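# Summary of structural features
Here's the letter readout for the chains.
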Amino acid sequence: MEPSTKQHLLGRLKETRGAWVSGAHLSRELDISRTAVWKHVCSLRNEGYVIDSAPRKGYLLKETLDRLLPAEIGAALHSECLGRRIVFESEVDSTNRLARDLAISGAVEGTLVVAESQTGGRGRKGRNWFSPPGEGIYVSLVLRPRFQPAEAPKMTLLTGVALAETLIHIIPSRVTIKWPNDVLLGGRKIAGILIEVSTNIDAIDYMIVGVGINVNTPPDRFPADLRERATSLAAHIGHPVPRAEILGAFLDCFERYYAVVEREGFAPVIRRWRELSDMVGRRVRVQDFDRSLQGTIAGIDDDGLLLIKTADAEIQRVIAGDVEYL
Ligand code: BTN
């Protein structure tokens, strides 16, 4: 996606952060009038950027907060379709809920809903997703895939692969995927995926891909019931990480795999998922609807179902469920 003029301007101001850039210089470089430069600066200020201006000096971008503003995301994105339209909310009940409403009213494929915080962030099985302001990434994508509805669950695997690859670039070791929808860092949950689908008889009408990533939450800020099981990027790296860059990298990666699926189906995604997961051979208990299974993980099949080898050496296929390591 081509950056807009405003994103371009923001990029220039960031490159020269701490130094003044003249309006004439920006106007030449961006090929717009000086009045247009001024209008874009005003618009960035309205979004929350602190930009000083002075006669004969030009513009100076002061330190910005780490915010997931559309201009920040746009500047970090290279995707063709995903995130081409961004709906930003400072606070929302759930980005999945808002994305679904937008999808019903015709939002185009790739529409990205971003919130700085969620008051009712949804997790799987009616759980709540911890969504404090400014610390995590809470986003939902509207997709209109052309594959059959039966393939839809495999999108959770694709999302997990894209998340894991994004995080591996930042922390090369200890990122793994846990079936069906968790990404772990050092064995603790760092990201979760919640996909909701609306289908017609033989086609997908829309799909909402919801993703939550714990980025800058300090370990002691997680609620007590999560503290032992959850982690954040900053907790591992030891300093805050710019969220827009992570989101941009994730969307680029997701789009590449989404294009692979269009051309070749899900086989390459499943292959990559197997490489990124360390579940095979682990003893687990799985709660699958009304049955509870205990056994050893044998892998996932080509449909993305979990394979459990039980005590009687039978292989059981699990469609959905909670997996607990023993
Ligand atoms: C899980 O692991 O249980 C899934 C968590 C998914 C959370 C994300 S945050 C953004 C999007 N909006 C929601 O309400 N939920 C998802």
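What comes next concerns the included structure. All values derive from a computational prediction rather than experimental measurement. (Residues numbered from 1 in each chain as written. Predicted model: local features only at pLDDT ≥ 70, side-chain atom pairs only at ≥ 80, totals over all residues. Heavy atoms only, no water.)

### Describing the pairing of strand E7 (residues 182-185)
Alternating positions in E7 separate into two faces, Asp182 and Leu184 on one and Val183 and Leu185 on the other, with burial throughout. For strand E6 (residues 175-178) and E7, the ladder comprises four bridges, and the chain directions are antiparallel. Directly across from Thr176, in E7, lies its bridge partner Leu184. Remark: three residues form the turn of the hairpin made by E6 and E7, two consecutive strands paired antiparallel. In this structure, E7 lies alongside strand E8 (residues 188-199), joined through four bridges in antiparallel fashion. Its bridge partner being in E8, Leu185 is matched across the sheet by Arg188. Hairpin geometry of E7 and E8 is characterised by an intervening segment of two residues between the two adjacent antiparallel strands and by a positive phi of about 55 degrees at Gly186. (Buried < 20%, exposed > 50% of the residue type's maximum accessible area, 1.4 Å probe, protein only. Helix = DSSP H or I, 4+ residues; strand = E, 2+ residues; numbered from the N terminus. Pairing = 2+ DSSP bridges.)

### Focus: the sheet that holds strand E4 (residues 112-118)
Taken in spatial order, the seven strands line up as E3-E4-E5-E9-E8-E7-E6 in an open sheet, and their pairing is mixed. Looking at which strands have only one partner, the edges of the open sheet turn out to be strand E3 (86-92) and E6. Averaged over all adjacent pairs, the angle separating strand axes in this sheet is 20 degrees, with direction ignored. Strands in contact with helix H5 (residues 95-104) are E3, E4, strand E5 (136-143), E8 and strand E9 (204-214); relative to E9, the strand with the most contacts, it is inclined by about 155 degrees. (Axes fitted to C-alpha atoms, helices over the stretch in contact; angles between N-to-C directions. Contact = heavy atoms within 4.5 Å.)

### What to know about the packing of aromatic side chains
Evaluated as defined, the whole model comprises five aromatic pairs. On the basis of an interplanar angle of 70 degrees and a centroid distance of 5.8 Å, the ring pair of Phe250 and Phe254 is categorised as edge-to-face. Separated by four residues within a single helix, Phe250 and Phe254 lie in helix H9 (residues 243-264), roughly one turn from each other. With respect to class, Phe250 is no different from Phe254; both count as buried. (Phe/Tyr/Trp six-rings, centres within 6.5 Å; stacked < 30°, edge-to-face > 60°.)

### Quick notes on the environment of Leu112
Structurally, the position occupied by Leu112 is in strand E4. Under the relative-accessibility criterion, Leu112 is labelled buried at 0%. In sequence terms Leu112 and Ala99 are 13 residues apart; their C-alpha atoms lie 7.7 Å from each other. Those residues within four positions of Leu112 in sequence are excluded, and the remaining contacts are Ile73, Gly83, Arg85, Ile86, Val87, Val139, Ser140, Leu141, Leu247 and Leu251.

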